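Each chain is listed here by its residues.
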Amino acid sequence: MKSCLETFVDVLYGKSLMEASTKELYNALAKVVVKNVEKNWDETRNLNNKRCGYLSAEFLIGRMIYANLLNAGMLDEAKYILEQNNIDINVFEEVEDAALGNGGLGRLAACYLESAATENILLDGYGLRYRYGLFKQSFKNGFQNEEADDWLKWGDPFSKRVEDDTVIVHFKDMDIKAVPYDMPVIGYHSKVVNTLRLWQSEAIKEFDFKEFDNMEGVKTNDEAYKAKEITYVLYPNDNTLEGKKLRLRQEYFMVSASLQDMLKKFKKLNLTFKELPNYYIWQLNDTHPTLAIPEMIRLLKNEGLSFDESLKIVRKMFNFTNHTIMAEALEQWPIEMLEELIPDVLKEIKLIEEDLEKNLDKNKYFIIKNNKVNMAYLAIYVSEHVNGVAAIHTEILKNNTFKEWYEVYPYKFVNVTNGVTPRRWLALNNESLSKLITSRIGDGWVKNLGELAKLKGIENDEEFLKDFITSRNINKIRLANYIEKHEGIDIPVNYMFDIQIKRLHEYKRQLLNALSILYLAFEIKEGNLIDYKPTVFIFGAKSAPGYYMAKQIIKLINTIADYVNNDSVISKKIKVCFVQNYNVSYAEKLVSAADLSEQISMAGMEASGTGNMKFMINGTPTLGTLDGANVEIAAEAGKSNNYIFGLTVEEVDALKKNYKPELFVENNPKLKKVLNALIDGTLNAKFEEIYDSLLKGNEPDRYLVLADFNSYIEMKLFANKEYQSKEYYKKCIVNMYSSYRFSSDRSIKDYNELIWKL
Ligand SMILES: *Cc1c(COP(=O)(O)O)cnc(C)c1O
């Protein structure tokens with residue numbers, strides 16, 4: 001490997017290792033990794049076994065260099081070679097994340113590809129190669145500021161442009177070239193190397209300067225611009241639908257290119273189309289790729305099959321994962337827009353609707369209504385399986401969201417609880433804890449997280465307890481240094497690290513956390529809470545640029561941070577830090593250093609969550625509601641080993657029938673004071689809209705912040721009371737060794753056993 005790396009650096013840049021820049025070293029080292037897995041990659045590609053395509057508008061892959069080195073078994077050697085040249089492998093922390101996704105859904109897709117390769121399961125990723133990923137966030141005067149994410153400035157050395165596999169995607173107004181870029185998906189110590197294929201949109205006729213002078217040229221260049229625009233930028237909305245034409249183009253572009261690609265390969269096998277579902281099936285990551293269903297029918301009809309024959313085949317080819325029950329996130333596309341962009345596909349949707357009317361009561365079941373296509377209903381009607389992403393979420397789908405569909409198709413509904421890869425989320429991000437675990441049970445847990453169960457009972461081993469605390473402190477020091485450098489905020493490492501990191505959304509209730517901090521601040525100022533252990537509240541979150549209330553909440557938390565951190569009395573007990581540009585690489589550092597994991601969504605709203613799992617695997621107890629996968633975390637580790645509070649789903653439903661938030665404020669002067677601080681000038685800015693959202697309007701306090709306030713405070717104080725006790729660290733350790741269920745290896749095996757059957 002040494003000579004290989006030297007040769008690459010020399011051939012590519014004419015330099016020695018020591019002369020090369022970080023970017024040059026990174027690109028060369030990545031090339032060495034790709035070269036190393038090339039043979040396995042070719043072999044995997046040439047297998048004719050049944051496969052699944054994970055079709056997703058987002059792959060939040062983050063930084064690939066360390067994960068790929070680890071998985072390819074090259075990490076130690078790479079460290080050694082670099083060290084010999086006086087280079088610390090950590091220089092690659094400068095390399096920016098590939099943020100081709102918004103949050104949980106995109107990160108899940110990345111974890112699943114990694115786990116599938118590790119488990120020798122043939123799962124390809126298909127998506128879009130956005131020129132700009134999720135925006136970079138900074139704070140200006142406490143407000144979120146967005147900048148373009150030029151992730152390609154570091155190069156894209158793991159990808160290979162495959163010109164020969166270019167396909168044409170047809171829109172009513174133009175034809176567009178889809179050019180694939182392939183990335184190897186390297187499993188941990190496994191032979192299978194899968195492919196992540198991302199499509200880039202390009203004009204069939206390139207921008208032509210010669211023609212630019214005449215009218216013909218204007219038209220060509222306009223088309224070149226419109227073509228490139230399709231994969232230009234990731235839509236920055238998480239859990240909300242933005243019904244833009246360009247977004248619809250992206251979705252169709254992705255599915256048409258991916259299906260054509262698959263069909264081209266299938267046709268080389270000279271089988272009949274009936275055998276297609278034995279060769280290739282698809283997992284739809286939310287409704288974003290649902291147009292694949294009518295598009296597949298269209299493509300089969302182009303091959304000479306009838307609609308009925310095509311539908312019969314297609315019914316065995318698709319499975320649908322639902323990720324949210326929030327109405328504002330469930331996609332519905334106007335017929336008009338489909339007619340304007342992809343009329344041939346709309347035709348197939350209408351034929352599917354006709355088929356539905358033959359089979360089901362059309363007063364109760366529909367795909368098209370009010371001139372809109374309900375993408376979830378389309379997906380459920382045709383898919384073989386529909387799954388939720390945590391046990392409680394699947395139950396809500398069956399009993400509420402898709403109740404009528406569950407009545408006719410009970411056999412379609414299954415649960416597959418989400419997971420995260422233990423390579424990135426323990427082995428790589430938490431070196432100190434990994435070493436400690438390995439010193440006790442060997443390193444088999446990296447491939448099989450279930451082996452952590454061998455540690456059962458070790459929370460009573462004094463030496464392990466001591467070593468665990470030491471390992472946590474190493475990570476806290478590292479995080480504090482990083483935050484000092486990047487945010488300019490001094491965080492004492494002896495403070496409790498209480499962390500809430502996730503997209504900013506009202507349902508995730510960062511506001512509840514913020515109000516609780518104001519409560520604590522006022523109590524401390526009044527001389528109460530003498531025994532409260534110093535705590536730093538750390539936030540990381542991006543808001544969708546057009547989400548006004550979420551942006552106000554960011555400003556509020558930054559305003560509270562100023563208030564708290566600059567008060568000499570309060571800041572002796574608490575500090576607040578909102579880190580900028582929360583992303584995968586930041587998450588890796590945060591979860592290994594956390595003393596408490598905030599998972600405080602209103603029960604019923606967070607389909608699963610995956611951030612909660614990252615903390616658990618790293619041995620951090622959850623301060624959370626019985627929502628999403630928190631329920632299963634509490635079940636696996638024991639409820640008493642976590643800090644569970646608040647209304648349950650059933651209690652939320654009951655309370656919502658006649659909710660009067662003012663009733664929770666009236667007899668609670670401390671809460672009243674907290675709310676008044678939003679508008680009375682206590683803070684340096686006023687937050688009337690937030691205040692009003694809690695107490696006024698036709699749905700005040702939609703996410704029951706005020707109803708859960710007391711039980712949240714109580715549990716937060718209890719967690720603080722236990723912190724630094726033996727009891728507390730025992731809870732940490734039990735969570736860590738009970739976390740197997742939340743490995744994405746387990747999720748992938750569930751998908752395969754329940755759905756794909758590869
Ligand atoms: C894991 C992850 C998420 C999802 O977090 P939740 O708490 O499950 O919402 C979002 N963004 C990034 C960068 C992540 O790594």
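Quantities reported herein were computed from a predicted structural model and do not represent experimental measurements.

### Considering the pairing of strand E8 (residues 167-170)
Okay, step 1: Of the two faces of E8, only one is covered, namely that formed by Val167 and Val169; the face formed by Ile168 and His170 stays uncovered.
Okay, step 2: Hairpin connection from E8 to strand E9 (residues 175-186): 4 residues lie between these consecutive antiparallel strands.

### Considerations on the sheet that holds strand E23 (residues 643-644)
Okay, step 1: In space, the 6 strands of this open sheet follow the order E20-E19-E18-E21-E22-E23, with parallel pairing throughout. Strand pairing shows two members of the sheet lacking a second neighbour, strand E20 (574-579) and E23, which therefore form its edges.
Okay, step 2: Inspection of the sheet shows strand E21 (residues 596-599) paired to strand E22 (residues 622-624) by 3 bridges, in the parallel sense. Bridge assignment links Ser597 to a residue of E22, and that residue is Thr622.
Okay, step 3: Across the face of the sheet, helix H19 (residues 510-525) comes into contact with strand E18 (496-501), strand E19 (535-540), E20 and E21 while running at roughly 155 degrees to E19.

### Thoughts on helix H7 (residues 245-267)
Okay, step 1: The terminal C-alpha atoms of H7 lie 32 Å apart, and with 23 residues this matches the ideal 33 Å at 1.5 Å per residue to within 8%.
Okay, step 2: Judged by how many residues are buried, H7 sits mostly within the fold: 19 of 23 residues are covered.

### Observations regarding the packing of aromatic side chains
Okay, step 1: Using the criterion set out here, one finds 31 aromatic pairs in the structure.
Okay, step 2: Between Tyr126 and Trp282, the ring centres sit 5.2 Å apart and the planes meet at 55 degrees, which makes this aromatic pair tilted. Highlighted residues: Tyr126 in strand E4 (residues 123-128) and Trp282 in strand E11 (residues 280-285), separated in sequence by 156 residues.
Okay, step 3: Overall, the relative accessible area of 2% leaves Tyr126 in the buried class.
Okay, step 4: Judged by its relative accessible area of 0%, Trp282 falls in the buried class.
Okay, step 5: When the centroid spacing of 5.2 Å and the interplanar angle of 80 degrees are considered together, the rings of Tyr723 and Tyr728 count as edge-to-face. Of the two residues, Tyr723 and Tyr728, both sit in the buried class.
Okay, step 6: Following the ring pairs from residue to residue traces out a cluster consisting of Tyr365, Phe366, Tyr377, Tyr381, Phe402, Trp405, Tyr409 and Tyr411.

### A word on the packing of helix H9 (residues 292-302) against helix H10 (residues 307-314)
Okay, step 1: It is at 9 Å that the axes of H9 and H10 come closest, and there the two elements cross at 130 degrees. Accordingly, the angle class assigned to the pair H9 and H10 is oblique. Note on packing geometry: the crossing formed by H9 with H10 is right-handed. Contacts between H9 and H10 pair Ile293, Met296, Ile297, Leu300 and Lys301 from the former with Phe307, Ser310, Leu311, Ile313 and Val314 from the latter.

### Comments concerning the sheet that holds strand E15 (residues 372-374)
Okay, step 1: With respect to topology, 3 strands assemble into an open sheet ordered E13-E15-E14, the strand pairing being antiparallel. This sheet does not close on itself; its edge strands, each paired only once, are strand E13 (332-334) and strand E14 (368-369).
Okay, step 2: Across the face of the sheet, helix H13 (residues 375-382) comes into contact with E13 and E15 while running at roughly 45 degrees to E15.

### Things to note about the packing of H19 against helix H26 (residues 669-676)
Okay, step 1: Remark: H19 packs on H26, axes separated minimally by 9 Å, with the N-to-C direction vectors making an angle of 110 degrees. In terms of orientation, H19 lies roughly perpendicular with respect to H26. By crossing handedness, the relation of H19 to H26 is classed as right-handed. Along its contact with H19, which presents Leu515, Leu518, Tyr519, Phe522 and Glu523, the element H26 presents Lys670, Lys673, Val674 and Leu675.
Okay, step 2: Taken together, the residues that form the contact of H19 with H26 break down as 6 nonpolar, no polar and 3 charged.

### Concerning the side chain of Asp156
Okay, step 1: Relative to the helices and strands, Asp156 resides in the loop between strand E6 (143-147) and strand E7 (160-161).
Okay, step 2: Since its relative accessible area comes to 16%, Asp156 is described here as buried.
Okay, step 3: Separated by 2.8 Å, the side chains of Asp156 and Arg129 make a polar contact.
Okay, step 4: Sequence-distant contacts of Asp156, defined by excluding residues within four places in its chain, comprise Asn27, Arg129, Trp151 and Met183.

### A few points about the pattern of salt bridges
Okay, step 1: What the rule picks out here adds up to 53 salt bridges.
Okay, step 2: Notably, a salt bridge pairs Asp124 with Arg51, separated by 3.9 Å at the nearest N-O pair. Of this pair, Asp124 sits in strand E4 while Arg51 is found in strand E1 (residues 51-55), placing the two residues 73 residues apart along the sequence. Here Asp124 and Arg51 have matching classes, each one buried.

### Focus on the domain arrangement of the chain
Okay, step 1: Examined at the domain level, the chain breaks down into domain 1 (50-418 + 749-756) and domain 2 (422-733 + 744-748).
Okay, step 2: Between the C-alpha centres of domain 1 and domain 2 there is a distance of 32 Å.
Okay, step 3: Across the contact, 64 residues belong to domain 1 and 51 residues belong to domain 2.
Okay, step 4: Overall, the association of domain 1 and domain 2 removes approximately 4600 Å² of surface from exposure, summing both partners, and the carbon and sulfur fraction of that is 54%.
Okay, step 5: Per-residue buried area on domain 1 facing domain 2 is highest for Gln137, Phe139 and Ile392; these three make up 13% of the total on that side.

### Considerations on the site of the ligand
Okay, step 1: Taken together, 14 residues lie around the ligand, and Lys502, Lys508, Thr610, Gly611 and Lys614 are the ones closest in.
Okay, step 2: At 2.8 Å from an oxygen atom of the ligand is found a side-chain nitrogen or oxygen belonging to Lys508.
Okay, step 3: In this structure, Thr610 approaches the ligand through a main-chain N or O atom, which is 2.8 Å from an oxygen atom.
Okay, step 4: When the ligand sits alone it has 390 Å² of accessible area, and the protein chains cover 95% of it.

### Quick look at the state of the cysteines
Okay, step 1: Using the criterion set out here, one finds 0 disulfides in the structure.
Okay, step 2: Take Cys52: it sits in no disulfide, and the sulfur closest to it among the cysteines is that of Cys111, at 17 Å.

### Examining the environment of Tyr563
Okay, step 1: Relative to the elements of secondary structure, Tyr563 occurs in helix H20 (residues 548-565).
Okay, step 2: A sequence separation of 512 residues divides Tyr563 from Arg51, and the C-alpha atoms of the two residues are 55 Å apart.
Okay, step 3: Setting aside residues up to four positions removed in sequence, Tyr563 forms contacts with Ala521, Phe522, Lys525, Ile570, Thr682 and Leu683.

### Points about the layout of surface pockets
Okay, step 1: Here the second largest pocket is characterised by a volume of approximately 1000 Å³.
Okay, step 2: Residue lining of the second largest pocket: 33 residues in total, with Leu75, Lys79, Ala427, Leu428 and Glu431 positioned closest to the centre.
Okay, step 3: Contributing elements (two or more residues each) for the lining of the second largest pocket: helix H3 (65-71), helix H4 (75-84), helix H16 (422-428), helix H17 (431-441), helix H18 (462-487) and helix H21 (584-591).
Okay, step 4: Residue contributions to the lining of the second largest pocket peak at 5 residues, all from H17.
Okay, step 5: Taken together, the residues that form the lining of the second largest pocket break down as 13 nonpolar, 9 polar and 11 charged.

### Here's the deal with the pairing of E4
Okay, step 1: Most of E4 is tucked away: 6 of the 6 residues are buried.
Okay, step 2: Residue alternation in E4 divides its side chains into two sets, Leu123, Gly125 and Gly127 and Asp124, Tyr126 and Leu128, and both sets are buried.
Okay, step 3: Sheet analysis places E1 next to E4, joined by 4 bridges and oriented parallel. Bridge pairing in E4 links Gly53 to Asp124.
Okay, step 4: When E4 meets strand E10 (residues 193-203), the two strands line up parallel, connected through 4 bridges. Looking at the pairing, Gly127 lines up with Leu198 of E10.

Scoring rules and cut-offs
- Residues numbered from 1 in each chain as written.
- Predicted model: local features only at pLDDT ≥ 70, side-chain atom pairs only at ≥ 80, totals over all residues.
- Heavy atoms only, no water.
- Buried < 20%, exposed > 50% of the residue type's maximum accessible area, 1.4 Å probe, protein only.
- Helix = DSSP H or I, 4+ residues; strand = E, 2+ residues; numbered from the N terminus.
- Pairing = 2+ DSSP bridges.
- Contact = heavy atoms within 4.5 Å.
- Axes fitted to C-alpha atoms, helices over the stretch in contact; angles between N-to-C directions.
- Expected span 1.5 Å × (residues − 1).
- Phe/Tyr/Trp six-rings, centres within 6.5 Å; stacked < 30°, edge-to-face > 60°.
- Parallel < 35°, antiparallel > 145°, perpendicular 65-115°, else oblique.
- Left-handed = near helix turned anticlockwise from the far one by under 90°.
- Nonpolar A, V, L, I, M, F, W, Y, C, P; charged D, E, K, R; others polar.
- Polar contact = N/O pair within 3.5 Å; in protein donor to acceptor, adjacent residues only side chain to side chain.
- Salt bridge = Lys/Arg side-chain N within 4 Å of Asp/Glu carboxyl O.
- Domains from an automatic or database assignment.
- Buried area = accessible area lost by both parts, 1.4 Å probe.
- Near = heavy atom within 4 Å.
- Areas by Shrake-Rupley, 256 points an atom, 1.4 Å probe, with all protein chains shown as cover.
- Disulfide = S-S within 2.5 Å.
- 1 Å grid on protein atoms, 1.4 Å probe; cavity = no way out; pocket = protein on both sides within 12 Å on 5 of 7 lines; lining within 4 Å.
- Points joined across faces, edges and corners; volume = space filled by probe spheres on them.

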